[in-house]
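Observations on the model geometry
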Protein chains: 2
Amino acid sequence: MDASFLYHISKASGCGLDKELKEDYSNIMKLSNYTKIFKALSNEQRLKIFMMIYKNCCSPEGSKIGAGIRIKGESCCPVGGSMEKAFTKICDCMNLSRSTVSHHFKELQNAGLITCEREGQVYRCRVNKDVIDSIKDFMK
Amino acid sequence: MDASFLYHISKASGCGLDKELKEDYSNIMKLSNYTKIFKALSNEQRLKIFMMIYKNCCSPEGSKIGAGIRIKGESCCPVGGSMEKAFTKICDCMNLSRSTVSHHFKELQNAGLITCEREGQVYRCRVNKDVIDSIKDFMK
DNA sequence: CTTAGTATTCTAAAACAATCGAACCTCAGG
DNA sequence: CCTGAGGTTCGATTGTTTTAGAATACTAAG
């Protein structure tokens, strides 16, 4: 569990980690970052959403996250890229209202798992692999 | 992660899935199994408890789970063994009532993360490493 | 048999999370 | 300027989680 992890998370989740904390990072601080991630993945709908994004953004050959999860229609971007129209496409294959999906997106962003941006009508969405790595690292 | 898993996901998410994938789904690792595990780890108190158990039961050299978390007094069992008096010791260093700690233990057991057994007054507790491996595997 | 220690179960309160529909905002095209 | 498509925010509802305390049960020791 290292400081770089904290940096990524705090950056991604926008929860600003100040200098002192990076130096002397308390267990509480560290733990809450992990619990945030676990919480984001602890809801079945949200996990599905995350897997769809993962699958469409960065699923390499043999990757398991997102395996078997399809977005209606074909993938919209090359592996490794960001996913366009993520929101609309995911709404189309989830049985949830748009406001609920919006909420789940925000939770995933808040945990630092994904990054989203809108440019006019283009909604782009990207998986933050560093965070996934940090979980794997945590599990070592 | 096997085809059965895929079946469940696609079924649950309402997304298309090829026929051949539906075939065998006997060894199910459902999506809900993963959310269960993530949920168990999504509470800060519970994650702390889990880390203490991990740290005291099976922390190998270089392991990160449980790093920095200490149970008052010295470790109660050799590395790799089960942790005795886990309940009492953890109660002693958490600021929670016994009933709450008991509840958290049950959640961890329910997620399959730990196994506990009582033999008379000896409460033995052990981390289920397979589950941790399955998470790492999931994250691949 | 009584007492102290250990853990669980039950109940209830408070806090939190998931979800929807409605209202809203923003941009692109007629 | 109007309209529609794509997202977000708000408020309400319903369900779940966290937590403590009291009652209970088991066991070891006196």
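As a starting point, this report considers the structure included with it. Counting restarts for each chain, with residues numbered from 1 along the sequence as it is written. Chain letters and ligand numbers both follow the written order, the letters beginning at A and the numbers at 1. Thresholds applied to this predicted model are a pLDDT of at least 70 for local features of residues and 80 or more for the giving and counting of side-chain atom pairs; totals over whole chains, interfaces and linings are not thresholded and use all residues. In computing side-chain values, all of the structure's heavy atoms are included and hydrogens and water are not.

**Some points on the protein's contact with DNA strand C**
Our working definition: Note on definitions. A residue lies near a molecule or strand when any single heavy atom of the residue is within 4 Å of it. Here a polar contact means two N or O atoms within 3.5 Å. Within protein one must be a hydrogen donor candidate and the other an acceptor candidate, and residues neighboring in sequence count only if both atoms are side-chain atoms. Helix and strand assignments follow DSSP, with helices taken as H or I runs no shorter than four residues and strands as E runs no shorter than two, numbered in order from the N terminus. As a working rule, the residues Ala, Val, Leu, Ile, Met, Phe, Trp, Tyr, Cys and Pro are called nonpolar, Asp, Glu, Lys and Arg charged, and the rest polar, with Gly in that last group.
The local shell around DNA strand C holds 21 residues, among which Ser97, Thr100 and His104 of chain A together with Thr88 and Ser102 of chain B are the closest. What you see for DNA strand C is that sugar and phosphate hold 73% of its atoms within 4 Å of the protein. The backbone of Ser97 of chain A places a nitrogen or oxygen atom 2.7 Å from a phosphate oxygen of DNA strand C. His104 of chain A is positioned such that a nitrogen or oxygen atom in its side chain is 2.5 Å from a phosphate oxygen of DNA strand C. Going through the elements one at a time, helix H4 (44-58) and helix H6 (98-110) of chain A together with helix H5 (86-93) and helix H6 (98-110) of chain B are the ones with two or more residues in the surface near DNA strand C. For the surface near DNA strand C, a count of residues per class yields three nonpolar, 13 polar and five charged.

**As for the sheet that holds strand S1 (residues 83-84) of chain B**
Residue and element names in this part refer to chain B. Definition in use: One bridge is not enough; two strands pair if DSSP finds at least two bridges between them. The contact criterion used is simple: two residues touch if any of their non-hydrogen atoms lie within 4.5 Å. Here, axes are lines fitted to C-alpha atoms. For helices the fit covers the stretch in contact, and angles between N-to-C directions go from 0 to 180 degrees.
What the three strands build is an open sheet, ordered S1-S3-S2; its pairing is antiparallel. Because the sheet does not close on itself, it has two edges, and the strands there are S1 and strand S2 (114-119). In this sheet, strand S3 (residues 122-127) lies alongside S2 in antiparallel orientation, the contact comprising six bridges. Each bridged residue has a counterpart across the sheet, and for Cys116 the counterpart in S3 is Cys125. Running over the sheet, H6 touches S2 and S3 and is turned about 125 degrees from S2.

**Side note on the protein's contact with DNA strand D**
Taken together, the neighbourhood of DNA strand D is formed by 21 residues, with Thr88 of chain A together with Ser97, Thr100, His104 and Gln121 of chain B sitting nearest. Among the atoms of DNA strand D close to the protein, meaning within 4 Å, 74% are from sugar or phosphate groups. Within the side chain of Ser102 of chain A, a nitrogen or oxygen atom sits 2.9 Å from a phosphate oxygen of DNA strand D. Counting residues per element, the ones that place at least two in the surface near DNA strand D are helix H5 (86-93) and H6 of chain A together with helix H4 (44-58) and H6 of chain B.

**Considering the pattern of salt bridges**
Residues and elements named next belong to chain A. Our working definition: Here, a salt bridge means any side-chain nitrogen of Lys or Arg that lies within 4 Å of a carboxyl oxygen of Asp or Glu. Note on exposure labels: buried denotes an accessible area under 20% of the residue type's maximum, exposed denotes more than 50%, and partly exposed covers the range between, all computed with a 1.4 Å probe on protein chains only.
All told, the structure shown has six salt bridges over all chains when counted by the stated rule. In this structure, Lys136 and Asp133 form a salt bridge, with 3.7 Å as the shortest nitrogen-oxygen distance. A residue pair is termed a helical-turn pair when its members lie 3 or 4 positions apart in one helix, as Lys136 and Asp133 do in helix H7 (residues 129-138) at three residues. Owing to a relative accessible area of 28%, Lys136 belongs among the partly exposed residues under this scheme.

**Some words on the environment of Thr35 of chain B**
With respect to the secondary-structure elements, Thr35 of chain B resides in helix H3 (residues 31-40). A relative accessible area of 7% places Thr35 of chain B in the buried class. As a C-alpha pair, Thr35 of chain B and Ala111 of chain B span 76 residues in sequence and 9.0 Å in three-dimensional space. If near-sequence neighbours (up to four positions away) are discounted, Thr35 of chain B is found in contact with Leu41, Ser42, Asn43, Glu44 and Leu47 of chain A.

**Regarding the packing of aromatic side chains**
Geometrically, a pair of aromatic rings is defined through the distance of the ring centres and the angle of the planes. Basically, it comes down to this: Here the aromatic set is Phe, Tyr and Trp, taking the six-membered ring for Trp, and pairing holds for ring centres within 6.5 Å; pairs whose planes are under 30 degrees apart are stacked, those over 60 apart are edge-to-face, and all others are tilted.
Considering all chains together, one arrives at 13 aromatic pairs over all chains under this definition. Ring centres 6.1 Å apart and planes at 20 degrees place the aromatic pair Phe38 of chain A and Phe38 of chain B in the stacked group. With Phe38 of chain A in helix H3 (residues 27-40) and Phe38 of chain B in helix H3, this residue pair bridges two chains. Residue Phe38 of chain A is classed as buried on the basis of its relative accessible area of 0%. Arranged with centres 4.2 Å apart and planes meeting at 25 degrees, the rings of Tyr34 of chain B and Phe138 of chain B form a pair that is stacked. You can see Tyr34 of chain B sitting in helix H3 and its partner Phe138 of chain B sitting in helix H7 (residues 129-138), a full 104 residues away along the chain. By the burial criterion, Tyr34 of chain B is buried, and Phe138 of chain B matches it.

**A word on the nonpolar core**
Note the following rule: Take the buried Ala, Val, Leu, Ile, Met, Phe, Trp, Tyr and Cys residues and link them wherever side-chain atoms come within 4.5 Å; each set so joined is a nonpolar core.
By size, the foremost hydrophobic cluster in this structure holds 74 residues, and its most contacted members are Phe105 of chain A together with Phe105 of chain B. Tallying contributions element by element places H4 of chain A first for this core, with nine residues. Setting aside residues no more than four positions away along its own chain, Phe105 of chain A makes contact with Ile49, Ile53, Ala86, Phe87, Ile90, Ile114, Cys116, Tyr123 and Cys125 of chain A.

**Side note on H6 of chain B**
All names here are of chain B. The line we're drawing: Given the number of residues in a helix, its expected span is that number minus one, multiplied by 1.5 Å. Our arc is simply the arc of the directions from the helix axis toward the C-beta atoms.
Look at H6: 18 Å from first C-alpha to last across 13 residues, which is about the 18 Å you get at 1.5 Å a residue. The set of residues buried in H6 consists of Val101, His104, Phe105 and Leu108. For H6, the buried positions fall inside an angular range of 105 degrees around the axis, keeping them on one side. The outward face of H6, more than 90 degrees from its buried face, is lined by the exposed residues Ser99, Lys106 and Asn110. Backbone geometry just downstream of H6 places Gly112 in the positive-phi region, at approximately 85 degrees.

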